[in-house]
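Examination of the molecular architecture
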Amino acid sequence: MLSMRRGSAMLVAAALVLAVVLGGPTLVRLITDWYWFDALGYDVVFRTALITRLGLGLGAGLLAVGFFYGNLKFAQRGMVPDPVVVRLGDRNSGVDLTRTLRRLALPAALGLGALVGFAASGAWLVVLAFLHRTPFGLTDPVFGRDVAYYVFTVPALVVLHGFVIGAAMMALLVVLPLYILRRDVVLLGRRVAIEPSAERHLAALIAVLFVAVGTNAWFVRLPSLLHTASGPLFGANYADLAINIPAIQLAAVTALAGAALVVWGVRTHRLARNAVVASLLYVAVSGVLGPVAAAATQKLVVDPNELVKETPQLEHHIAATRRAWGLEKVQVRDLSGDATLSLADIRRNAGTIRNVRLWDREPLLQTFGQLQAIRTYYDFVSVDDDRYWIDGEYRQVLLAPRELNTASLPTRTFINERLTFTHGMGLTLSPVNLVTQEGLPVLFIKDLPPVSSVSLQVTRPALYYGELTSDYVFVNTRQREFDFPAGDENAFTAYEGGGGVPVVSSFRKMLFSMRFGSLKVLLSDDIGAESRVLYYRPIRERVRKALPFLRWDSDPYLVIAADGALKWILDAYTTTDRYPYSQPAADGTNYMRNSVKVVLDAYDGSLVAYAVDPADPILQTYDRVFPGIFKPLDDMPPDLRAHIRYPDDLFRIQTALYTTYHMNEPDVFYHREDQWQIPVLSRQGSGRDPFLRHMVMKLPEEQSEEYILMTPFTPRQKENLAAWMVARNDGAHFGELIVYRFPRQSLVFGPSQIVNRINQDTEISRQVSLWDQRGSEVIRGNLLVIPIEESLIFVQALYLRAEGGRIPELKRVIVAYQNQVVMEETLEQGLERLFGGVVGGAPRTVQAAAVGAPAPAPTVAAAAQVADLVRQAAERYDQALAAQRAGDWATYGERMRNVGDLLRRLRELAGGGS
């Protein structure tokens, strides 16, 4: 007996040691995460999550321990007249297995309770969302419950039922073998003999299991019918309403009756038989009767009359999908379809023409990497679209941050990677449409440190937080911090921001050494109390850590603030997969809102979350759970708010759904009479979304250019254009979705047809074939669909890259309109050839400006006109600055637009030069 007690004590001690060993790193990570959240100002997220996790884990764990220990002690009460003895070796004495198992009751209960507690702690967000749930104000058409019931309550019920069913099942699986081992349950031929107290115990567990299964069917399985696939729709169909709902309700009642039958079996001493009968009845009703009846109804009643039977459900499905994905707010405008463009139309839309995007992201990224990386340890990860007022003109630009790639450092040591090389440097910015004489992009901002040739300035170029940054670095150490290469020498800097966590003490230094798994952190004399450690530096990882309950867009982008600082803007979504009757995306999500935009400082890592859609019930729920972390969008600085945009991922899903869900009528929807598709080109390398484009353009019936996100639609399995959809980004129109539809009876060439016409043009084919010989490679840019008034032009850039080279050069621009296709050196020349005249206001070309060709001397009259225009431009510019200081952004925009118009008139007087 003494040896057995020692064995139990050793087992408990081993478990404690294992917990310390495994829990040590977890504890260190927990403490250092606490420091990080506190320094970031998001300690409410950390504190709320931690307290809820601990509360759920301890509460569920203690309940489970008590439940399992009580069951184990009850099952092992009293003496065993014929104990099971395990003989060890040749000795006569043996080990009483039943007595040994009795001593293991507490360790086993603790182990099972720990598992349950750990599993329960993972449901912390589900529980918090349930406790702070916000009504949607919309009810489902079947049960009449608010949508919040399905989004917040049902997940909590899933957790609760899972806890009860799991605990009852585990207890049953543990105590039944014990009773068999103790001879309290004995198989006698075809009947089972059960000791009375054991029978009552087993009956109680089985009854609890039946009750939990029955309530789960009623409260979980029934609601799940409203967000599962069924026939031609998503949600409950005719067979579900007629058969499956009554069948599930009957199954729930059968389970409750089964519980009663099990309890009755104790009085009649027929527990085993009654339990088997109850189980078979439940399986027959739930797994056989319901599915067979539903399948028969579907086959014999619904399929022959599917449209008639499913029309009400189709109406629910269409309406719910449009609401859940924000498609009910799409504005539809019809185009005439027979509009013909003239030279006057082109000139009237000069702002659109000036911002036609000739540079694709991939060729430009390669070019930036070759021309502007400067050093091997710098890298350009991505190219972002944006728009700025530059020298009084509203321009679309492409920019790429120059990030530090520590994997490419010539010497990778602890000091180099963690103390010296700590940040990237600046960015490269180029307009979308300007090209030098050599076919390279014109760079408005370039070099190290960043030098700007326009009114846009970068005053704080260091990038401590980005898409490529390493996990952690130390700043304010005794090592000099590299800033940027300056000729034959290097420039060094000292970190002046408040980012990161102060080291402060040797204790923290030890914790960080354990956190990062590096003894060098602890032993380094360069890291002192005044040093700061920056971690969670990759921006996606950083925002996911700070706001773990949001889903993030895949394309964060960098913005130059008014003071010259660099800020990242990231779009976040609130989502659910339980919206009744809504069509899901590929990952199961069937409701999405771009409710939050986060601004993250690239220098100090601070982040601010702004509520873009404060009416969203899911966001309101999270705001109740984590009070104070979401700021009103009106609090965002105006210079940053001017750069927010409609998120790509949401627009991509919405446009894909809208190809079908623009059909409102159930019969049209069912027959797919007017289904669209997003054009697809067979050419390889055209990217995932070759027609999803940001552009600056003037929409039909609008007065000025604006920044939009656009994609075209073609009829299903057809190539002509059916419509195009835009998401507006500027000012009061932010977030508006508009679809411009062409008449069905008119033929408007689509992208595939234009590509075919380009390929069939003999002049273009001959020139491309000539270039695409050994020694060079022709890269076709993405085909751009450019709406002008109520018509379209198509533009495609051609790049030439030498064999083995990595710098694509833009050599030609193809322009297509209706049945005409031309290829010229510049977009302006192509438009002039198509429309027979000088395109006023468009940049004439870049090439002349790049080589510095002298302009002709002006006449006296022209000089006087130029002087007057310069005076007017100066006045408008002063007025714009005054409006900016007063915060009157509408007047500021109008005056800057005036300045831009005056500058364009000056260009025209100069003969189209710069």
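Turning our attention to the overall build of the protein. Scanning the protein for helices and strands turns up 27 helices and 36 strands. Relative to its full complement of 914 residues, the protein shows a buried share of 53%. Taking contacts inside the protein between residues at least 6 apart in sequence as the whole, the part at least 24 apart equals 67%. Accessible surface for the protein amounts to roughly 40,700 Å². Of this, 57% is attributable to carbon and sulfur atoms.

Take empty space enclosed by the protein next. Taken as a whole, this structure holds four cavities of 30 Å³ or more when the rule is applied. Quantified by volume, the second largest cavity comes out at close to 60 Å³. Looking at the lining of the second largest cavity, the elements with two or more residues in it are strand 28 (693-697) and strand 33 (784-788). Partitioned by chemical class, the residues of the lining of the second largest cavity number five nonpolar, three polar and two charged.

Backbone torsion omega between L448 and P449 reads -15°, so that peptide bond is classified as cis. Here P449 is to be found in the loop between strand 13 (445-446) and strand 14 (451-452). Positive phi values are uncommon outside glycine, yet Y581 reaches one of about 70°. On the secondary structure map, Y581 appears in the loop between strand 23 (566-576) and strand 24 (591-601).

Time to look at the side chain of S791. Mapped onto the elements, S791 comes out in strand 34 (residues 791-802). Excluding its chain neighbours within four sequence positions, the residues that come into contact with S791 are A339, L341, I786 and Y817.

Attention now goes to the environment of A229. Looking at where A229 falls in the secondary structure, it is placed in strand 5 (residues 229-230). Under the relative-accessibility criterion, A229 is labelled exposed at 65%. Along the backbone, A229 and Q583 are 354 residues apart, and their C-alpha atoms lie at a distance of 8.5 Å.

Time to look at a negative patch on the surface. Where like charges cluster on the molecular surface, the negative patch consists of E315, E665, D667 and E673. Here E315 shows up in helix 10 (residues 306-324). Under the relative-accessibility criterion, E315 is labelled partly exposed at 43%.

In this section: helix 10. Taking 1.5 Å per residue, 19 residues should reach 27 Å; helix 10 reaches 25 Å between its end C-alpha atoms and fits that length. The principal kink in helix 10, of about 45°, is found at P312. Those residues of helix 10 not exposed but buried are E306, E310, Q313, L314, H317, I318, A320, T321, R322 and A324. Contacts made by the buried residues of helix 10 are with strand 6 (233-234), helix 8 (238-267), helix 9 (271-302), strand 24, helix 20 (648-661) and helix 21 (666-671). Directly beyond the C-terminal end of helix 10, a positive phi value near 70° is found at G326.

A contiguous nonpolar surface patch, about 590 Å² in accessible area, is contributed by F507, M510, M514, L519, L522 and L523. Only helix 15 (506-516) and helix 16 (519-523) provide two or more residues apiece to the nonpolar patch. Examined against the element boundaries, L523 turns out to sit in helix 16.

As a packed pair, helix 5 (residues 124-131) and helix 6 (residues 147-181) sit with axes 9 Å apart at the nearest point and diverge in direction by 135°. As far as their axial angle goes, helix 6 and helix 5 are oblique. Crossing geometry of helix 5 relative to helix 6 is assigned as left-handed. For the pair helix 5 and helix 6, the contacting residues are V126, A129 and F130 in the first and F152, T153, P155, A156 and V159 in the second.

This next bit is on the pairing of strand 18 (residues 489-493). In the sheet, strand 17 (residues 481-486) pairs with strand 18 via five bridges, with the strands oriented antiparallel. Bridge pairing in strand 18 places F482 opposite F492. Taking the residues between adjacent antiparallel strands as the criterion, strand 17 and strand 18 are bridged by two residues, where G487 takes a positive phi near 65°.

The subject of this paragraph is the packing of helix 6 against helix 7 (residues 196-224). Two numbers describe how helix 6 lies on helix 7: the axes approach to 9 Å, and their chain directions differ by 160°. Considered as vectors, helix 6 and helix 7 are oriented roughly antiparallel to each other. Regarding helix 6 and helix 7, the two cross each other, and that crossing is left-handed. For the contact of helix 6 with helix 7, the residue count by class is 25 nonpolar, four polar and no charged.

Attention now goes to the environment of L511. Structurally, the position occupied by L511 is in helix 15. With a relative accessible area of 4%, L511 lands in the buried category. Separated by eleven residues in sequence, L511 and L522 have C-alpha atoms that sit 8.7 Å apart. Once you skip the residues sitting within four places of it in the chain, L511 turns out to touch V28, I31, T32 and Y35.

What follows deals with the pattern of salt bridges. All chains considered together, the criterion is met by 31 salt bridges. Its salt-bridge partner being K545, residue D33 comes within 3.0 Å of it at the nearest N-O pair. Residue D33 is found in helix 1 (residues 2-40), and its partner K545 is found in helix 17 (residues 539-546); the two are separated by 512 residues along the sequence. The partly exposed category is assigned to K545, whose relative accessible area is 26%.

All right, on to the sheet that holds strand 20 (residues 532-535) then. Strand order across the open sheet formed by three strands is 16-20-19, with antiparallel pairing between neighbours. A strand with exactly one partner marks an edge of an open sheet, and here the two such strands are strand 16 (472-475) and strand 19 (501-502). Both strand 19 and strand 20 contribute to a ladder of two bridges, which runs antiparallel. Residue V501 lies in a different strand from strand 20, and its bridge partner there is V533. Here helix 15 sits on the sheet in contact with strand 16, strand 19 and strand 20, set at roughly 25° to strand 20.

Attention shifts here to the packing of aromatic side chains. A complete count under the given rule lists 39 aromatic pairs for this structure. Ring centres 4.8 Å apart and planes at 40° place the aromatic pair F421 and F482 in the tilted group. One end of the pair, F421, is in the loop between helix 14 (414-420) and strand 11 (424-425); the other, F482, is in strand 17, and 61 residues separate them in sequence. Here F421 matches F482 in class, with each residue buried. Centroid distance F512 to F516: 6.2 Å. Interplanar angle 10°. Geometry classified as stacked.

If you look at the biggest cluster of nonpolar residues, it comprises 133 residues, and the most contacted ones within it are L429, Y535, L547 and F630. Per-element tally for this core: the top contributor is helix 6, with eight residues. If sequence neighbours within four positions are ignored, L429 has contacts with Y388, V397, L398, L399, V442, L443, F444, I445, L456 and I560. L335, F691, V768 and V821 belong to the second-largest nonpolar core, a separate cluster that totals 67 residues.

The share of residues in the protein with pLDDT of 70 or more is 90%, and the mean pLDDT across the chain is 87. Every residue in residues 11-20 scores below 50 in pLDDT, and together they form four contacts with partners more than four places removed in sequence or on other chains. The low-confidence segment residues 844-861, where pLDDT is below 50, has 22 contacts with residues more than four positions distant or belonging to other chains.

The next point concerns the environment of L341. Tracing the backbone through its elements, the reader meets L341 in the loop between strand 7 (331-334) and helix 11 (343-348). Given the relative accessible area of 8%, L341 is considered buried. A sequence separation of 449 residues divides L341 from E790, and the C-alpha atoms of the two residues are 8.5 Å apart.

What counts as what
- Residues numbered from 1 in each chain as written.
- Predicted model: local features only at pLDDT ≥ 70, side-chain atom pairs only at ≥ 80, totals over all residues.
- Heavy atoms only, no water.
- Helix = DSSP H or I, 4+ residues; strand = E, 2+ residues; numbered from the N terminus.
- Buried < 20%, exposed > 50% of the residue type's maximum accessible area, 1.4 Å probe, protein only.
- Contact = heavy atoms within 4.5 Å.
- Areas by Shrake-Rupley, 256 points an atom, 1.4 Å probe, with all protein chains shown as cover.
- 1 Å grid on protein atoms, 1.4 Å probe; cavity = no way out; pocket = protein on both sides within 12 Å on 5 of 7 lines; lining within 4 Å.
- Points joined across faces, edges and corners; volume = space filled by probe spheres on them.
- Nonpolar A, V, L, I, M, F, W, Y, C, P; charged D, E, K, R; others polar.
- Patch = residues over 30% accessible without salt bridge, like charges linked within 9 Å, V, L, I, M, F, W, Y side chains within 5 Å.
- Salt bridge = Lys/Arg side-chain N within 4 Å of Asp/Glu carboxyl O.
- Lys, Arg positive; Asp, Glu negative; His and termini not counted.
- Charge placed at Lys NZ, Arg CZ, Asp CG, Glu CD.
- Expected span 1.5 Å × (residues − 1).
- Bend = angle between axes of the 7 residues up to and from the residue.
- Axes fitted to C-alpha atoms, helices over the stretch in contact; angles between N-to-C directions.
- Parallel < 35°, antiparallel > 145°, perpendicular 65-115°, else oblique.
- Left-handed = near helix turned anticlockwise from the far one by under 90°.
- Pairing = 2+ DSSP bridges.
- Phe/Tyr/Trp six-rings, centres within 6.5 Å; stacked < 30°, edge-to-face > 60°.
- Core = buried A, V, L, I, M, F, W, Y, C linked by side-chain atoms within 4.5 Å.
- pLDDT = per-residue confidence, 0-100.

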